[in-house]
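Overview (structure and organization)
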Amino acid sequence: MLIFKMKKMKKLYIKISMIIISLTAFTACSDDFVNVDSNDVTSEDFFNSEEDYQNALIGAYDLLQSTWINAMLGEIASDNTLAGGESATDVIGIQEIDDMIHTPVNNDLRGIWGLMFAGINRTNFILEFQDKIDFSGKNQIIAQARFLRAYYYFELVKWFGDVPLAIDKQILFGEESSYERSPASEVYSLIEQDLMFASDNLPSVQTEAGRVTKGAAQALLGKAYLYQDKFSEAAQVLEALIQSGTYSLVTDYNTIFEEDGENNVESVFEIQYTDVEGAGFGCLQCSEGNVAVGFSGIRNYEGPDFTSGFSFNVPVQEAYDAFDNDDPRRDIAILDINAWAASTGATFGTGNEHTGYFNRKYIPRTRSSNALPDLNLTNPNNYRAIRYADVLLMAAEANNRGGLNESKAQEYLNQVRRRAFGDELHDVTASGSSLTNAIYLERRLELVGEGHRFFDLVRTGKAAQEINGFQEGKHELFPIPAIEIQLAGNVWAQNPGY
Amino acid sequence: MRKLIILISFTFITNLGFAQNINVKGVVTDAVTGETLPGVNVIVKNSQKGDITDFDGNYKISAVPKGSILVFSYLGYQTKEVVVDKETISTSLEESSETLDEIVVIGYGTQRKKEVTGAVSVVGSETIENLKPTRIEQALQGQVAGVNITASSGAPGAASNIRIRGISTNGNNNPLILVDGNVIEDLSVVNPSDIESINVLKDATAGIYGVRGANGVILITTKSGRKDTDFKVVLNYYTGFQQTTRKIPLLNATEYALLANEAFAANAETIPFPNVGSLGEGTDWQDEVFKNALVRSMDFTINKGTEKSSYSLGASHLDQYGIVGAGKSNFKRTTLKFNFSTEILKNLKLTTSSIFTNTKRKSLSENALGSVLFNALNMPATTTVKDDLGAYSLAPTTGVGIEVINPIAQTENTFNEAIVDKFSGGYGLNYKITDHLSVESRFQFNYAAVNSKYYAPEVYYGGGKVFNSVNNLAALTDDVNSSTVGESKQEFKDYTFDSFIKYERIFNDIHDVKALFGMSVFRSQGVNLRNELGIGANGTSFSEYSVASSDSSQDNLALANRSRRFFDSRLLSYFSRLQYSYEGKYLLSAVIRRDGSSNFGPQNKFGFFPTGSVGWIASDESFLEDSSTINFLKFRASYGIIGNDRIASFRYLSLVNGEGVYVFNNQLSFGQALGSIANPEIRWEKQKPFDVGVDIGLFDKVDITVDYFNKKTEDLLVQPEVSGILGATAPGSGGPLVNAGTVENEGIEFSINYKETIGEDFKFNLNYNFTTLKNEVLYVGSDTGILQGGSFGVGQDPPSRMEAGFPIGYFYGLQTNGIFQNQAEVDAHATQANANPGDIRFVDQNEDGLINGDDRINIGDPIPSITMGLNLSFDYKSFDFNMYAFASIGNEIVRNYERNQPLTNRSVYFLDRWTGEGTSTTFPRVTTGSTSNTLFSDFYVEDGSFARLQNIQLGYTFSDDSLMGTGIDKLRFYLSASNLVTLTKYKGFDPTTSNGAPIGGGIDQGFYPSPKTFLIGFNVNF
């Protein structure tokens, strides 16, 4: 009887516990269960340590590598090179810019627009939170960020003119239509302020190669002044840079663009690339390699010293002929492929608009064993954005055109020529407008293939006479991509003529 | 008074005569196995009296009026009626082959097919066994109306795309798949022989799964044992070989050279092959690349049941080699399954299921520019596989593009392996509190470790090729080792916890009420455990290469500076279902579910999903009850709101998970940056599926089901183009996901099943089904109203679009209008770049005198308008024959496997090219000069309609007499062929080609074709 009762109790006990278990199962979870925190930090919770600022700064530098297209198109749009490529339809955007028939529908212009603003947003991400915490050395980080912002805005104002200004705050989703096109003068104003802060707060020499220096800020500031024809300001800041003695011309022009010559004493600002990270066409802006180098390479090349590329950006005969026959820079800057093949037995193919020349400064060299595929996209050649030679020529131009100091202008010009020829027999003694033209020519010869020619022609009013198809009053600026105007609320006017 | 007495005595006598009451008892057994059946309902018709058989199959009912009818009914068996005329009435019940008595799994429970009010289809284990799929999805193809399966590739182990009633979203269209209640994403881990049934919820019935139901739900149950059964063993084995279903006819070396010469001459260039006569046939690259490949599979299952428990133990092994690349693409799978259920107490049942799977997969590059088959089609026929020195020939440096390389060399140089070790478990307790009230709790989990390794040797395929890892041939033999090894490991784990209460009761014999209330918790995570690169790999075989033994190594996860957990999703749900039937004739089902997901923005974390369905079994009405023609007629309709939650995690937050990498001091420096732009209002995609259907049974032999469906999916997640000033093109960044799109799928499903038995020896079964589908995008909320996708050619605009008024993923290109026959025709036409006689003439749609991108229109889409399936099976004496065929009509495919370079090989259709005025009006001339002929147009869009004989099988079962004394219950041998015949106009490898992308699908870049398989095998039952 007792056992029977116990059995019954046991059954009742189990019954009750089952009901309790099932009921608790229902109430076990509260709605908070679905609130999951991401392992990654949100933008609001970032910038809590110096490391956060340093990491964000690296992120801001990253977009410099995407300016390969700016440099390449700066040559193709000018009278220096032709588009080239595999065929007349290989990258239509580039082909059209070459022929001055580009329209507001152009993928490459859209790329430049988007990537430069991406860089600006990354710098503004740091600058928006610059007062969140304090630590020693913060000013140097801010200074580098402001230089980068100035660099990206300088590209935008060169290419598109009036552009939206975002100062110390990111442009957030939903705010696009509240930004107007600020006049170029205001953009330049910001550039000047940023670069002045940068040059005041950066050291003359950085331990890490690739970081912005005081000299880089001064050089870019001088360039920004020169582009606005502010000759005395330009001359002043460039003089300070020259007098600092931090930079000088290397003796052998042929070493400048080789790997051994990276970050040398002539390099005022150099955009860094490497080949140890793989890359693909799916995200060209993600590549750590210099994509322009692969694009400009010799098609189907087999032979010493160089490796293949896609044969874009091919120099024209007229650019080659602009050099004197005894100018050593000519064959260092421009590769005469037929002569080279004849002397070395190398073989090569021909692409669209084959001229027989290649942009030797920036074509692929023999690759290292560390290079990862796609080899065409991972060339490690750094881009010498501002060389001391350029600084000298800018100073010469400012002094000459501003009527400030003709002898200084001549001296700086001749320093460049003496380095080029290795003697003083090729000095220029002209002055006034003849000196101006000599400086303009020297800029073309010294800096051929480096992406400056188009903008030099535009700012000096020479574009219409030198570039086929260039229409004055229209082609000085590139059109803002039509879709970008549409996506920002259709409030912007297009650049004239498009 | 006298009348009264007579009346009373009359009734008395009558009662004496007819009201003899008997105490009836008996045993109920299974007609086939002879085993006793517990739990059978024995009811006296039209009364409240009844009993349920006990564990020994015994029942007894007292005081049953003689002559009344006993109704024996048991789920899964044919109901039997017996007249009460003696005390002992024992009977045997036959398993029901009636589809009406079939059990259908509907989510947190089952239902008899007769009572289902939604559109639910079932595929049984017999069909699955006949089809012998290597992957389960293949068993659904052509079996279920409304379900379209396309293989994403014919490669061993490749996933299939399952689309239930059209394409509902531009995102992830995969349906929710549950195996025994456990969420499974990758079906390659399940052994098809383990499956008991596949149930597909196609309409609002999927609403029981709320925010996960919009793409449909597939419920798979695996075989479990039954109580009180003897030890039973089932052994299956098959082996055979596979070959390609098709080789594309290409030009041989002589034809290739002649055409190349013609192309060069047309552009005034020196001809490349001055001496054509000596070239002969040349290399047939497809022959070199396609090889017959072995497939074999074996599995066994052991079942046993005791009085309280049942066990099922199964194991399987599958080896499938690839028809392309032999050992370089293959798939091996080993599974081990153990199901166990027992009655802990009389009312407390424990069910457990444990499955362990190990899969190993090797794969080749496929369906892309430069993939193995792409290269086999484009490599010149004049190049030999190996050169005179015995090394693999290099691809020509010029004239074939930088992606086309020697496909045999490419295959030889491919080394990779992905190993998945997965453990899935499910443990449930069911407690019957009272006869009507039960409670059930289940805990399921999955744990998978995915280990991948690849080895990239030093390779040089020719000048400037994108795949080269060194720059010249000499570098292959120098001292520098630039080979690399990559090793990665990822972990996926998830768990589901369900708990629900059921109340089931029949009131007054008329009101059948089933109520369900429950909750469910689901959490899923993916973690990157390891991603390392070894540079300078050392070793002599694939197994020896490793990151550890390489010259140097790089830890990608440490460098990336981002979280290793790449997704973490949680779902919290409460649901309730009420099923009501009145007299078994009028049926109603109502479901409401509240889901909360961690993927949605803070404003939209929770949603309510109500669905309902009704049904009317007209055949039970008096006017149809006795009809001999119509033995079953049911009308049903369903509607509701369900959702799709397959979106990425954390898209409502602005996270610092972008990519910020620069170089300082020649070293990579890893920084941080913002990732994709956030949208805090992100929510699920909402679907409103409407279905109305009728199920008809005729002559007890024919079953017909017809459904009309209309599903509108709103709030589709689109990533619209956003203004460039937001910086979304930065590395690792992207635009926000916005709920701004609507797509509608509408169609009719028809299915007819005819079963017939002629005489004693001949049985046959015919099933035919078709589905019509009309897909239309109703709204795209981006500024341009268009989303683009897919790729065509090199450097061309994307060919596929999503745009209001068109099917999703339609092809957008130029329309052709014949060939220019002479210069006059060229001059008379709108300006077309590089146009010459012999070139394609495009239609100037906007009549602006210029042929450019503005003249593009809708030139086709990859969605079929009609799909159909036909199954035929005969049983004659000991022979059985099965045939399954499938057809798809109205889908178009983009031919994108031609590189179109001066020296690439071409297909034989080029022999019909234009060579002079009047020679062709459809095929343009060949030339190496620039033309517009390679721009995307309907010249590259082909009709992909096809009919395919999926499976044909002949089997022979040994008679019981011949097996006496061997201990074998059943022995069957069979021969089977899959994909034997494909009828299609499509010129590519396989008309089922599609990567399954909603925008960008249906484009063929050298699709790995489905193999034709010949098998021989046997089944043994002990």
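Remember, it's a predicted structure, so these values are computed and weren't measured experimentally.

1. Regarding the overall build of chain B
Each helix and strand counted, chain B has eleven helices and 55 strands in total. Over its C-alpha atoms chain B spans a radius of gyration of 33 Å, differing by no more than 12% from the 31 Å that the globule rule assigns to 1022 residues. When the 1022 residues of chain B are sorted by exposure, 55% land in the buried category. Expressed as a percentage of contacts within chain B between residues at least 6 apart in sequence, the contacts between residues at least 24 apart total 70%. In the form shown here, chain B has an accessible surface area of approximately 41000 Å², with 55% of it arising from carbon and sulfur atoms. Across chain B, the 87 positively charged side chains and the 111 negatively charged ones have centroids separated by 7 Å.

2. Here we look at the interface of chain B and chain A
Contacts between the two partners involve 89 residues from chain B, matched on the other side by 85 residues from chain A. Summed over both partners, the interface of chain B with chain A buries about 7200 Å², with 61% contributed by carbon and sulfur atoms. Together, Tyr662(B), Phe664(B) and Ile725(B) form the three largest contributors to the area buried by chain B at its contact with chain A, with a combined 12%. One can count one salt bridge joining chain B with chain A. Here Arg110(A) and Glu721(B) are joined by a salt bridge, their closest N and O atoms 2.8 Å apart. Between the two partners, chain B and chain A, sit 16 residue pairs in polar contact (both at pLDDT 80 or more). Counting only elements with at least two residues in the side of chain B that touches chain A, the list comes to strand 22 (415–432), strand 24 (484–507), strand 25 (511–535), strand 27 (565–582), strand 28 (586–597), strand 32 (660–664) and strand 33 (667–671) of chain B.

3. Structural notes on the packing of helix 14 (residues 388–401) of chain A against helix 16 (residues 432–446) of chain A
Residue and element names in this part refer to chain A. For the pair helix 14 and helix 16, interaxial distance at closest approach is 10 Å and the crossing angle is 160 degrees. Classed by the angle they form, the pair helix 14 and helix 16 counts as roughly antiparallel. In terms of crossing hand, the pair formed by helix 14 and helix 16 is left-handed. Where helix 14 abuts helix 16, its residues Ala389, Asp390, Leu393, Met394, Ala396, Glu397, Asn400 and Arg401 lie against Gly432, Leu435, Thr436, Ile439, Tyr440, Glu442, Arg443 and Glu446. Of the residues belonging to the contact of helix 14 with helix 16, the class tally is seven nonpolar, three polar and six charged.

4. Remarks on the sheet that holds strand 7 (residues 91–93) of chain B
Residues and elements named next belong to chain B. If you trace the three strands from one edge of the open sheet to the other, you get 4-1-7, paired in mixed fashion. Either end of the sheet is taken by a strand with one partner, and the two such strands are strand 4 (58–65) and strand 7. Pairwise comparison of adjacent strand axes, ignoring direction, gives a mean angle of 35 degrees for this sheet.

5. Looking at the side chain of Asn381(A)
One can find Asn381(A) in the loop between strand 7 (357–359) and strand 8 (383–387). Residues within four places of Asn381(A) in sequence aside, it is in contact with Glu262(A), Tyr273(A), Asn290(A), Val293(A), Ile363(A) and Arg365(A).

6. Some details on helix 8 (residues 214–227) of chain A
Between the first and last C-alpha of helix 8 of chain A there are 20 Å, a value that for 14 residues agrees with the 20 Å anticipated at 1.5 Å per step. Helix 8 of chain A sits mainly inside the fold: 13 of its 14 residues count as buried.

7. What about the state of the cysteines?
Residues and elements named next belong to chain A. One pass over the structure, following the stated rule, counts one disulfide over all chains. Put simply, Cys283 and Cys286 are joined by a disulfide, and their sulfur atoms are 1.9 Å apart. Classification of the bridge connecting Cys283 and Cys286 rests on its S-S torsion, roughly 65 degrees, and on that basis the disulfide is right-handed. Cys286 gets classed as buried once you look at its relative accessible area, which sits at 14%.

8. Notes on helix 16 of chain A
Residues and elements named next belong to chain A. Along its 15 residues, helix 16 runs 21 Å from first to last C-alpha, staying within 8% of the 21 Å computed at 1.5 Å per residue. Looking only at helix 16, the buried set comprises Leu435, Thr436, Ala438, Ile439, Tyr440, Glu442, Arg443, Arg444, Leu445 and Glu446. As for helix 16, its buried residues are in contact with helix 11 (317–322), helix 12 (329–333), strand 8, helix 14, helix 15 (406–421) and helix 17 (453–459).

9. Some details on a nonpolar patch on the surface
All names here are of chain B. Together, Phe300, Tyr311, Leu313, Leu336, Phe338, Phe356, Phe423, Tyr427, Phe443 and Tyr447 make up a nonpolar patch on the protein surface, roughly 810 Å² of accessible area in all. Those elements that place two or more of their residues in the nonpolar patch are strand 19 (309–321), strand 20 (330–345), strand 22 and strand 23 (437–456). Its place among the elements puts Phe300 in strand 18 (residues 293–305). Exposure remark for Phe300: the relative accessible area of 32% places this residue in the partly exposed category.

10. Focus: the packing of aromatic side chains
The tally for this structure, following the rule as stated, stands at 79 aromatic pairs over all chains. Through pairs of rings, three or more aromatic residues link up here, namely Phe46(A), Phe47(A), Tyr53(A), Phe125(A), Phe129(A) and Phe135(A). Directly above the ring of Tyr909(B) sits Lys987(B), whose terminal nitrogen or CZ lies 5.0 Å from the centroid.

11. So, the packing of helix 6 (residues 138–160) of chain A against helix 7 (residues 184–201) of chain A
All names here are of chain A. Close contact between helix 6 and helix 7 brings their axes to 8 Å; oriented N to C, the two are set at 150 degrees. On the basis of their axis angle, the class for helix 6 and helix 7 is roughly antiparallel. In terms of crossing hand, the pair formed by helix 6 and helix 7 is left-handed. Taking contact as the criterion, the partners of Asn139, Gln140, Ile142, Ala143, Arg146, Phe147, Arg149, Ala150, Tyr153, Phe154 and Val157 in helix 6 are, on helix 7, Ala184, Val187, Tyr188, Leu190, Ile191, Gln193, Asp194, Leu195, Phe197, Ala198 and Asn201. Of the residues belonging to the contact of helix 6 with helix 7, the class tally is 15 nonpolar, four polar and three charged.

12. Section: the pairing of strand 48 (residues 879–889) of chain B
Residue and element names in this part refer to chain B. Judged by how many residues are buried, strand 48 sits mostly within the fold: eight of eleven residues are covered. Sheet topology note: the strand 47 (residues 866–876)/strand 48 ladder contains eleven bridges and is antiparallel. The residue of strand 48 that forms the bridge with Tyr876 is Phe879. Between strand 47 and strand 48, which pair antiparallel and follow one another directly, the connecting turn spans two residues, one of which, Lys877, has a positive phi of 50 degrees. Judged from the ten bridges that link them, strand 48 and strand 51 (residues 946–957) form a sheet pairing that is antiparallel. Directly across from Asp880, in strand 51, lies its bridge partner Gly955.

13. Regarding the confidence of the model for chain B
Residue and element names in this part refer to chain B. Residues with a pLDDT of 70 or more make up 97% of chain B, whose mean pLDDT is 88. Below a pLDDT of 50 lies the segment residues 10–18, which in the model reaches three contacts outside its immediate sequence neighbourhood of four places, other chains included. Across the assembled chains, the prediction reports ipTM 0.93 with pTM 0.82.

14. Section: the environment of Ile191(A)
All names here are of chain A. Mapping Ile191 onto the fold places it in helix 7. As for Ile191 and Val157, which are separated by 34 residues in sequence, their C-alpha atoms are 9.9 Å apart. Residues contacting Ile191, with those up to four places away along its chain left out, are Ala150, Tyr153, Phe154, Val157 and Ala224.

15. Points about the pattern of salt bridges
All chains considered together, the criterion is met by 78 salt bridges over all chains. Notably, a salt bridge pairs Lys86(B) with Asp85(B), separated by 3.9 Å at the nearest N-O pair. Classification of Asp85(B) as partly exposed rests on a relative accessible area of 44%. The salt bridge involving Lys514(B) is made with Asp512(B); its shortest N-O contact spans 3.9 Å. Judged by relative accessible area, Asp512(B) falls into the buried class, the value being 18%. Among the charged side chains, a network of salt bridges with common partners joins Glu266(A), Asp327(A), Arg329(A), Lys361(A), Arg387(A), Arg417(A), Arg419(A), Glu442(A), Glu446(A) and Glu450(A).

16. What to know about the nonpolar core
Formed by 141 residues in total, the largest nonpolar core has its most connected members in Phe147(A), Tyr153(A), Ile191(A) and Phe269(A). Excluding residues within four positions of it along the chain, Phe147(A) makes contact with Leu195(A), Ala198(A), Val212(A), Ala216(A), Ala217(A), Leu220(A) and Phe269(A).

17. A few points about the side chain of Arg417(A)
Relative to the elements of secondary structure, Arg417(A) occurs in helix 15. For Arg417(A), the residues in contact, after removing those within four places along its chain, are Asp324(A), Arg329(A), Gly422(A), His426(A), Val428(A) and Glu442(A).

Thresholds, definitions, all that
Residues numbered from 1 in each chain as written. Chains lettered and ligands numbered in written order. Predicted model: local features only at pLDDT ≥ 70, side-chain atom pairs only at ≥ 80, totals over all residues. Heavy atoms only, no water. Helix = DSSP H or I, 4+ residues; strand = E, 2+ residues; numbered from the N terminus. Rg over C-alpha atoms; globule rule 2.2 N^0.38 Å. Buried < 20%, exposed > 50% of the residue type's maximum accessible area, 1.4 Å probe, protein only. Contact = heavy atoms within 4.5 Å. Areas by Shrake-Rupley, 256 points an atom, 1.4 Å probe, with all protein chains shown as cover. Lys, Arg positive; Asp, Glu negative; His and termini not counted. Charge placed at Lys NZ, Arg CZ, Asp CG, Glu CD. Buried area = accessible area lost by both parts, 1.4 Å probe. Salt bridge = Lys/Arg side-chain N within 4 Å of Asp/Glu carboxyl O. Polar contact = N/O pair within 3.5 Å; in protein donor to acceptor, adjacent residues only side chain to side chain. Axes fitted to C-alpha atoms, helices over the stretch in contact; angles between N-to-C directions. Parallel < 35°, antiparallel > 145°, perpendicular 65-115°, else oblique. Left-handed = near helix turned anticlockwise from the far one by under 90°. Nonpolar A, V, L, I, M, F, W, Y, C, P; charged D, E, K, R; others polar. Pairing = 2+ DSSP bridges. Expected span 1.5 Å × (residues − 1). Disulfide = S-S within 2.5 Å. Patch = residues over 30% accessible without salt bridge, like charges linked within 9 Å, V, L, I, M, F, W, Y side chains within 5 Å. Phe/Tyr/Trp six-rings, centres within 6.5 Å; stacked < 30°, edge-to-face > 60°. Lys NZ or Arg CZ within 6 Å of the ring centre and 35° of its normal. pLDDT = per-residue confidence, 0-100. Core = buried A, V, L, I, M, F, W, Y, C linked by side-chain atoms within 4.5 Å.

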